[in-house]
Structures are given as C-alpha cells and as structure tokens.
Amino acid sequence: MSYNGADLIFPHLNIVIETMKNHITLFGKFDVAFYGIVIGIGMLLALFAVERNAVRHNEDPSVFYDFFIAAVICGVIGARLYYVFFEWEYYRGDLLKILNIRQGGLAIYGGIIGGVIAAVVFCKVRKYPFLKLSDGSVLGVLVGQFIGRWGNFFNCEAFGGYTDSLFAMRIKESIVNPSMISADLLNHEILDNGIRYIQVHPTFLYESCWNFLTFIFLYIYAGKRKMGTGEVTVRYFLFYGIGRFLIEGLRTDQLKLPGTGIAVSQLLSLVIAIAMAVIIIKQKNAKPKTA
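Residues numbered from 1 in each chain as written. Predicted model: local features only at pLDDT ≥ 70, side-chain atom pairs only at ≥ 80, totals over all residues. Heavy atoms only, no water.

The terminal C-alpha atoms of helix 9 (residues 264-286) lie 33 Å apart, and with 23 residues this matches the ideal 33 Å at 1.5 Å per residue to within 8%. Among all positions in helix 9, only Val-264, Ser-265, Ser-269, Ile-272, Ala-273, Met-276 and Ile-280 are buried. Summarising the contacts, the buried residues of helix 9 are in contact with helix 2 (61-86), helix 4 (108-126) and helix 8 (231-248). (Helix = DSSP H or I, 4+ residues; strand = E, 2+ residues; numbered from the N terminus. Expected span 1.5 Å × (residues − 1). Buried < 20%, exposed > 50% of the residue type's maximum accessible area, 1.4 Å probe, protein only. Contact = heavy atoms within 4.5 Å.)

Side chains of Ile-24, Leu-26, Phe-27, Phe-30, Ile-37, Ile-41 and Leu-45 sit close together on the surface and give an oily, nonpolar patch of about 670 Å² of accessible area. Looking at the nonpolar patch, the elements with two or more residues in it are strand 3 (23-26) and helix 1 (34-56). Note on placement: Ile-41 falls in helix 1. Residue classification places Ile-41 among the partly exposed residues on the basis of a relative accessible area of 41%. (Patch = residues over 30% accessible without salt bridge, like charges linked within 9 Å, V, L, I, M, F, W, Y side chains within 5 Å. Areas by Shrake-Rupley, 256 points an atom, 1.4 Å probe, with all protein chains shown as cover. Salt bridge = Lys/Arg side-chain N within 4 Å of Asp/Glu carboxyl O.)

Note on helix geometry: an α-helix contains 3.6 residues per turn, so any two residues three or four positions apart are oriented the same way. Taking 1.5 Å of rise per residue, the 21 residues of helix 7 (residues 203-223) would be expected to cover 30 Å, and the 30 Å separating its terminal C-alpha atoms lies within 8% of that figure. Within helix 7, burial applies to Thr-203, Phe-204, Leu-205, Glu-207, Ser-208, Asn-211, Thr-214, Phe-215, Leu-218, Tyr-221 and Ala-222. Among the structural elements, helix 1, helix 5 (130-155), strand 5 (169-172) and helix 8 are those in contact with the buried residues of helix 7.

Moving on, we get to unusual backbone geometry. In the Ramachandran plot, Phe-27 falls in the positive-phi region, its phi being about 60° despite a non-glycine side chain. Mapped onto the elements, Phe-27 comes out in the loop between strand 3 and strand 4 (30-33). A relative accessible area of 75% places Phe-27 in the exposed class.

Any covalent bond linking the sulfur atoms of two cysteines counts as a disulfide. Here the structure, examined in full by the defined rule, presents zero disulfides. Take Cys-156: it sits in no disulfide, and the sulfur closest to it among the cysteines is that of Cys-209, at 17 Å. The exposure class of Cys-156 is buried, given its relative accessible area of 5%. The class for Cys-209 is partly exposed, based on a relative accessible area of 39%. (Disulfide = S-S within 2.5 Å.)

Where helix 1 contacts helix 5, the axes come no closer than 7 Å and their chain directions differ by 160°. In terms of their interaxial angle, helix 1 and helix 5 are classed as roughly antiparallel. The handedness of the crossing between helix 1 and helix 5 is right-handed. (Axes fitted to C-alpha atoms, helices over the stretch in contact; angles between N-to-C directions. Parallel < 35°, antiparallel > 145°, perpendicular 65-115°, else oblique. Left-handed = near helix turned anticlockwise from the far one by under 90°.)

Before going further, it helps to spend a moment on the pairing of strand 7 (residues 195-200). As defined by bridge partners, strand 5 adjoins strand 7 across four bridges and the pair is classed as antiparallel. Residue pairing in the sheet places Arg-170 in a bridge with Gln-199 of strand 7. Examined bridge by bridge, strand 6 (residues 190-192) and strand 7 share three bridges and lie antiparallel to one another. Residue pairing in the sheet places Ile-190 in a bridge with Tyr-197 of strand 7. Adjacent in sequence and paired antiparallel, strand 6 and strand 7 are bridged by two residues, among which Asn-193 carries a positive phi angle near 55°. (Pairing = 2+ DSSP bridges.)

Further remarks concern the environment of Phe-153. When you line up the elements, Phe-153 lands in helix 5. For Phe-153, a relative accessible area of 11% puts it in the buried group. A C-alpha to C-alpha distance of 26 Å links Phe-153 and Val-50, two positions 103 residues apart in sequence. Excluding residues that lie within four positions of it along the chain, Phe-153 makes contacts with Leu-8, Phe-10, Ile-17, Met-20 and Phe-204.

Right, let's talk about the sheet that holds strand 6 for a bit. Spatially, the five strands line up as an open sheet ordered 2-1-5-7-6, and their pairing is antiparallel. Looking at the sheet topology across the chains shown, the edges are occupied by strand 2 (15-17) and strand 6. Pairs of neighbouring strands in the sheet enclose a mean axial angle of 25°, with direction left out of account. As defined by bridge partners, strand 1 (residues 8-10) adjoins strand 2 across three bridges and the pair is classed as antiparallel. By the bridge assignment for strand 2, Phe-10 is matched with Ile-15.

Limitation: the analysis is restricted to geometry and does not speak to function.
Structure (structure tokens):
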C-alpha cells in the first residue's frame, strides 16, 4: 500500500500523518518548538498533581511550589550535563554548543540527579523532611515524564530498532537525524514511490504508557500511605527502573559508557531497580509479625 509520501505512518493501525511539524512560527519570525510546548504542559500538570497529593495529605502545597522552581532549574542543568558528559567528543571542539539546548541533548537521568541534589539542598535550607518531599514530588515527576515523551514524537527521535509489530512506526528518512538511523534500520529500509522510510519501535510511546500506568498505580498507592516513609519514592524508582531497562534496550540513540558498548541508562536502570527491590524486601522482612 502506498502512502503518497506521508511523513509518518503507523501502518498496522492505519494512522497516517501527511506532514510532521516540530514547531509553530509566531508573527512570522519566531519558531516555538512543540518539544518545548509539551515540556511546559508537562511541568504545569506535574505541579498540579503534586499540589493535589499534598492537599489530600493535609500538607502545605506552598512548600512544593517553592521546591518546584529549584527542581526545574537543577533538573535542566543536570539533564544537559549528563548528556554532554557521555557525548563529550561531540562538544569538546566547540564548548558553546553546550549552551545550545534548542538543538536537543537532555537526558532524563541527569534531570533526576539534578532534582535529587536540589531536594537535598532545599530540605537542609528549609529544614523539611527529605522523604516527605520526595514522596510528594515523584508523582509530579511521572506526569512530566509520560507527557514529556511526546516531545520526542514531534522531533521524530527516541525510537527503537526495526519492528513489524502492531505499533510499528514508519518514518520518512529525510526528516530523521541521520545519526539515529542504525545499520539494521537501513537493512530494513522501505521504499514507497521512491521515498525511503525506516520502520521502528515507537519507544517514546512505550515509555509514555509505562509511566502513565505507573502514575495511576502510585497515585492510588500514595493515597493510602503516609507521606515521609519513602515507600512511594522507592516504588517510583523500582517501576521506572524496570520499564526504562526494558525499553532502553530497543533504542538506537543510546548514550554509551565511554570505551564500551554498554548503554549507560540501561545499566543504571538495572542497578536502581535491583537496589529498590532489595530495599522493599528488607522493609517487608523488618516489619514485626503479628500472632
């Protein structure tokens, strides 16, 4: 079946996007990336989720408002530095490129690390319990993650290798960054009326769905738990680690440990998931048994 040169197709779902745009132009002069719009929406909804969670636990939402500002700033810085560290060969010749985040290059784990550092400092300054802050914040992190992944959709990035599964996504090669197209994808290249396509796992979609389901579960779970025990935080890292480990293995744009072929985010996800599982098991075994 021919798709008449459409930019993006989900062939088995019969979804066709004729023209894939990644920005809008305001006043004929200023380009605003959909990626940035999606991230902005994700941040606002994340703050709303955190506020609702604080209210139902009779906590002061203003504490989370104040932390939100610090977390966003440190999260963006952390996400950028993490990416630059593992792509240093690209940036070392022109350090000014580090400041140009409009061209992409933000890593979720770097953002999480930056947010954790911000939380530690914030709690020391405000004398607020760290676990109470983290238990109240991770739901917002999940909202930001499952919405933010759709920014990757508009940029036609963060996809996986070849697949012909139900959710296979076919993308016109000319709108994809060539560095993301692996040799395996080229081997499975599809020609449609002389136009070259790659067909991939939409890993951004997989991760968005996984994080959404995790959010639903943890929102219900958090409502039955007292904030400040760390139970919600631990389970966030457990489920996110499991999902990211499985999905990261499919991606073609992995950040690798220098000098190895090991995907750093996949390794980190595995370590985090195992550590959180151990903590949960120890907590359960430490609970006193009733007669």
